[in-house]
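One letter stands for each residue in the lines below.
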Amino acid sequence: MARLVCLSLAAVAGALVGSRSRLPAPAARSSRATTVMKDFAKPNVEDTIPYREASTLSDRFPNELYAPAPQKKKVAIIGGGLSGLSCAKYLSDAGHEPTVYEARDVLGGKVSAWQDADGDWIETGLHIFFGAYPNMMRLFYELGIEDRLQWKVHKMVFAMQELPGEFTTFDFIPGIPAPFNFGLAILLNQKMLTLGEKLQTAPPLLPMLIEGQDFINAQDELSVLDFMRKYGMPDRINDEVFISMAKALDFIDPDKLSMTVVLTAMNRFLNEDNGLQMAFLDGNQPDRLCAPMVESVEKKGGRVVTGAPLDRIEVDAAGNVDKLVLRSGEEVVADEYVSAMPVDVLKRMVPEAWSTMPYFKQLDELEGIPVINLHLWFDEKLTTIDHLCFSRSPLLSVYADMSTTCKEYYDEDKSMLELVFAPCSPLAGGDTNWIGKTDEDIIQATMGELARLFPTEIAADPAYPGTMTERTFLGEKQAQLTGGAKLRKSTVVKVPRSVYAAIPGRNKYRPSQKTPIPNFSLCGCFTSQKFLGSMEGAILAGKLAAEVVSARAVGADAPGLKEVQQHVIDAAADAAPKKPVGCRGDTAIAFGGGYTFDQLVTRELKEQDAVQFN
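First, a word on scope: everything that follows refers to the structure included in this document. (Residues numbered from 1 in each chain as written. Predicted model: local features only at pLDDT ≥ 70, side-chain atom pairs only at ≥ 80, totals over all residues. Heavy atoms only, no water.)

Its 12 residues give helix H2 (residues 49-60) an end-to-end C-alpha distance of 17 Å, which sits within 8% of 16 Å, the value for a rise of 1.5 Å per residue. Within H2 the residues assigned to the buried category are Pro 50, Tyr 51, Ala 54, Ser 55, Leu 57, Ser 58 and Arg 60. Lining the buried residues of H2 we find helix H3 (82-93), helix H4 (134-143), helix H11 (259-270) and helix H17 (535-554). By the N-cap criterion, in which a side-chain oxygen at the helix start approaches the backbone nitrogen of a residue two or three places on, H2 is capped by Thr 48, the distance to Tyr 51 being 3.1 Å. (Helix = DSSP H or I, 4+ residues; strand = E, 2+ residues; numbered from the N terminus. Expected span 1.5 Å × (residues − 1). Buried < 20%, exposed > 50% of the residue type's maximum accessible area, 1.4 Å probe, protein only. Contact = heavy atoms within 4.5 Å. Polar contact = N/O pair within 3.5 Å; in protein donor to acceptor, adjacent residues only side chain to side chain.)

Structural data, given as structure tokens:
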């Protein structure tokens, strides 16, 4: 028993530090080996309780929730991101006739992508698929596209902040069940934390495993740093682990991020053998993921319409949705309506008659977090890793060489790095509103960071003064690099309002998919579900909204209304009705998406969200 307890303690700490595996860093560029893509077999992600729960919910739609002709509903879904497409997919499985109305000319929302003038794909974000994404994994199975996931070796890779040019890894040994695979990882790692720090780290996290979700939810009022200080965790755990974890989970620094987010993610990954195994999609998201979802909807009688922005939601005397009016003037009349809009857009569209209802008033407590996604094309092949990497940089979150990790973008001669730039605002813990900065400012800052993190790879280039400074390699000063890879092209994608900002105290305001309006439901990753603001959360939220609509049609059970906080109810009672301001502008930014900025986009953002430039 004592041995099991010790291993359990090690396992919890292992979630934070993992096992050490130093990656080979080149002593000289001439001896650099070419990295070759190697995909691994699909792990067993099906033999878990969450996957079985996801499968049970999927199976409800064509069976007990299936609507015969008299109960079949026409459903209008506003928004063609993953959540709206998921909702449409499962509604069509249940025999209904959904129509998705997407404002933009591309689908995917926060996973949208498009081609530039050179034919290169530009992605809104760097998206990774985890084994602990049960609804996403089940969706791939249902669509018959599991082979489009490129699974990588089961490890996590971290750049060593204090030792530029060196990496450390968390290695998960095959055949070791969770959480003991973490225990083994920590026993092998000697790099990121001392034994004493590991022992201090483990006990505060044990209630997460013992008490479960009740303990996790109770930590929402605490930031990650607050939690650390309350429970006596060592300060260095923040620099070594939590900074990179926080920015990867929600683009926020630990002093601003709710501890509930970190504990929720850890709880999922700790309890599944392959929960942290990662996969890349084998190409662009619109073709490889969104298109199969559209095909599934349309072959069952549904529709997906792009270029159809919403102008307003009109309600009848009783407050129910009467119709949708598109900007084109087209009126959409359906039996049921679902919003799959981002929370910031939804708040601008709430009808006046709903504006004082506590359910909708709580949305004022939620807002999207800014994030920037970078694409950097280099003239040479970098010594990169066929995996996602955590940079542990003050400016950068995670990155990957897509020319190595992704089949569609594969290039043996040149590299294309995709990087997440975060935090981007004071809301996220930064000291600069980077959304309001120029692309040149952002690229200059990024190139300086890359030259520091990878001193033997990035060329000293006068076009980027940050690359011209003296460098350190594995703790040793070195002469200025001669040669190296130069940046030949870059693209900056700004998302002024991405996933909801999971700052302390926000979780209780996330609304249920069911609303007080009998013919109106919500989805989107900001709505209440256990997988945070993520692709998995978006898929699950759409699925839950479809369950609400389908159950209502046939008189079956479905999740009900989530309780609204009393202070919101009190404030709503004194609130004056507000007319919706609507969405102004015609760009992706106006509709809550991300895009490359020009003068038009910048002007629209200043008119709609001036705080990004303060």
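Moving on from the model shown.
The amide bond that connects Ala 422 to the next residue, Pro 423, takes the cis arrangement and shows omega of 5°. Relative to the elements of secondary structure, Pro 423 occurs in the loop between strand E18 (416-421) and helix H16 (439-453). The backbone of Phe 251 sits at a positive phi, close to 60°, despite the residue not being glycine. At Leu 532, a residue that is not glycine, the phi angle is positive and equals roughly 60°. By secondary structure assignment, the location of Leu 532 is in the loop between strand E22 (520-522) and H17. Leu 532 gets classed as buried once you look at its relative accessible area, which sits at 15%.

When two helices pack together, their arrangement is given by the angle between the helix axes and by the axis-to-axis distance. Viewed as axis vectors pointing N to C, H4 and H17 meet at an angle of 75°, and their least axial separation amounts to 8 Å. Considering the angle they form, H4 stands roughly perpendicular to H17. Residues Pro 134, Asn 135, Met 136, Arg 138 and Leu 139 of H4 touch H17, and the partners they reach there are Met 535, Glu 536, Ile 539, Leu 540 and Lys 543. In the contact of H4 with H17, the residues fall into 6 nonpolar, 1 polar and 3 charged. (Axes fitted to C-alpha atoms, helices over the stretch in contact; angles between N-to-C directions. Parallel < 35°, antiparallel > 145°, perpendicular 65-115°, else oblique. Nonpolar A, V, L, I, M, F, W, Y, C, P; charged D, E, K, R; others polar.)

Now for H17. The terminal C-alpha atoms of H17, which comprises 20 residues, lie 29 Å apart, in line with the 28 Å expected from a rise of 1.5 Å per residue. The element H17 is largely enclosed, with a buried count of 18 among its 20 residues.

Ranked by size, the top nonpolar core spans 147 residues in total, and within it Phe 129, Met 136 and Phe 242 carry the most contacts. If one sorts the elements of this core by residue count, H17 sits on top with 10 residues. Ignoring anything within four residues of it in the chain, the contact list for Phe 129 reads Met 136, Met 137, Phe 140, Leu 149, Trp 151, Gln 277, Met 278, Ala 279, Leu 281, Leu 289 and Met 535. In terms of nonpolar packing, the next biggest core, distinct from the first, is built from 36 residues, Ile 385, Ala 445, Phe 597 and Val 601 among them. (Core = buried A, V, L, I, M, F, W, Y, C linked by side-chain atoms within 4.5 Å.)

Now for empty space enclosed by the protein. Enumeration over the complete set of coordinates arrives at 6 cavities of 30 Å³ or more. By volume, the second largest cavity is sized at about 100 Å³. Looking at the second largest cavity, the residues that line it are Asp 344, Val 345, Arg 348, Pro 496, Arg 497, Ile 589, Gly 592, Gly 593, Leu 605, Gln 608 and Asp 609. Among the secondary structure elements, those contributing two or more residues to the lining of the second largest cavity are helix H13 (343-349) and helix H19 (599-608). At 3 residues, the largest contribution of residues to the lining of the second largest cavity is made by H13. Residues belonging to the lining of the second largest cavity are distributed by class as follows: 4 nonpolar, 3 polar and 4 charged. (1 Å grid on protein atoms, 1.4 Å probe; cavity = no way out; pocket = protein on both sides within 12 Å on 5 of 7 lines; lining within 4 Å. Points joined across faces, edges and corners; volume = space filled by probe spheres on them.)

What follows deals with the pairing of strand E14 (residues 336-339). For a regular strand, side-chain orientation follows a simple rule: the groups alternate between the two sheet faces. In E14, alternate side chains face the same way, and those of Glu 336 and Val 338 on one face and Tyr 337 and Ser 339 on the other are all buried. Here strand E1 (residues 74-78) pairs with E14 via 4 bridges, running parallel. Counterpart to Ile 78 in the pairing with E14 is Ser 339. The pairing of E14 with E22 spans 3 bridges and is parallel. Note that in E22 the partner of Val 338 across the bridge is Ser 521. (Pairing = 2+ DSSP bridges.)

Everything listed here is a matter of geometry and, on its own, says nothing about what the molecule does.
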